[in-house]
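The chain contents come next:
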Amino acid sequence: MLPTFTKSQLALRNGQDREEIWIAYKGIIYDVGKSRLWKNGKHYEHWAGQDLTSELADAPHNDSVFEKFTIVGQLA
């Protein structure tokens, strides 16, 4: 079973307040910190530490992009 994190806990993993760079998608939290595209917690116009489910429609990729990231938990 995955650990559960609140939106407030996720918000701290934004690449600024802590070293972790996490994002949520469809209730699952991913560690995107190893991606050069998420340097400093920013990926184009998207910020880490947030649920980006509703923003994927604007991306030039689909949700298979998350397969390469480590799952760290689920969003409460």
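How each quantity is defined
- Residues numbered from 1 in each chain as written.
- Predicted model: local features only at pLDDT ≥ 70, side-chain atom pairs only at ≥ 80, totals over all residues.
- Heavy atoms only, no water.
- Helix = DSSP H or I, 4+ residues; strand = E, 2+ residues; numbered from the N terminus.
- Buried < 20%, exposed > 50% of the residue type's maximum accessible area, 1.4 Å probe, protein only.
- Salt bridge = Lys/Arg side-chain N within 4 Å of Asp/Glu carboxyl O.
- UniProt positions renumbered as here; feature names shortened; annotations may be inferred.
- Polar contact = N/O pair within 3.5 Å; in protein donor to acceptor, adjacent residues only side chain to side chain.
- Core = buried A, V, L, I, M, F, W, Y, C linked by side-chain atoms within 4.5 Å.
- Contact = heavy atoms within 4.5 Å.
- Pairing = 2+ DSSP bridges.

An unreviewed UniProt entry annotates the protein chain as Cytochrome b5 domain-containing protein originating from Flectobacillus roseus.

Chemist: Could you give an account of unusual backbone geometry, naming the residues involved and the relevant values?
Modeler: Even without glycine at this site, Lys 26 takes up a positive phi of about 50°. Relative to the assigned elements, Lys 26 resides in the loop between strand S2 (22-25) and strand S3 (28-31). Accessibility expressed as a relative area gives 58% for Lys 26, which makes it exposed.

Chemist: Mind laying out the pattern of salt bridges, listing which residues take part and the relevant values?
Modeler: Per the stated rule, a full pass over the model turns up two salt bridges. In this structure, Glu 20 engages Arg 13 in a salt bridge whose closest nitrogen and oxygen atoms are separated by 3.9 Å. The salt bridge partner of Asp 63 is Lys 26, with a shortest N-O separation of 3.9 Å. Separated by 37 residues along the polypeptide, Asp 63 in the loop between strand S5 (46-47) and strand S6 (70-75) and Lys 26 in the loop between S2 and S3 bring together distant segments of the chain. Residue classification places Asp 63 among the partly exposed positions, given a relative accessible area of 36%.

Chemist: Explain the UniProt feature "domain: Cytochrome b5 heme-binding" (unreviewed entry) in the protein chain to me, using residue names and the numbers behind them.
Modeler: The positions that UniProt labels "domain: Cytochrome b5 heme-binding" (unreviewed entry) are, in the present scheme, residues 5-76. Along residues 5-76 the backbone is 7% helical and 26% strand, and the end-to-end C-alpha distance reaches 6 Å.

Chemist: Mind laying out the side chain of Ser 35, listing which residues take part and the relevant values?
Modeler: Note that Ser 35 resides in the loop between S3 and strand S4 (42-43). Within the structure, Ser 35 has its side chain in polar contact with the backbone nitrogen of Leu 37 (distance 3.1 Å).

Chemist: Go over the nonpolar core, please, and point to the residues and values.
Modeler: The biggest cluster of nonpolar side chains holds eleven residues, and these are Ile 21, Ile 23, Tyr 25, Tyr 30, Val 32, Trp 38, Ala 48, Leu 52, Leu 56, Phe 66 and Phe 69. Contact partners of Tyr 25, with chain neighbours within four places excluded, come to Tyr 30, Asp 51, Leu 52, Thr 53, Leu 56, Asp 63 and Phe 66. Within the second largest apolar cluster, seven residues are counted, among which are Leu 10, Trp 22, Ile 29 and Val 72.

Chemist: With reference to specific residues and values, describe the pairing of S3.
Modeler: Pairing analysis gives four bridges linking S2 to S3, with the strands arranged antiparallel. Counterpart to Ile 23 in the pairing with S3 is Tyr 30. Here S2 hands over to S3 after two residues, with Lys 26 in that stretch at a positive phi of 50°. Across four bridges, S3 lies against S6 in antiparallel orientation. Bridge assignment links Asp 31 to a residue of S6, and that residue is Thr 70.

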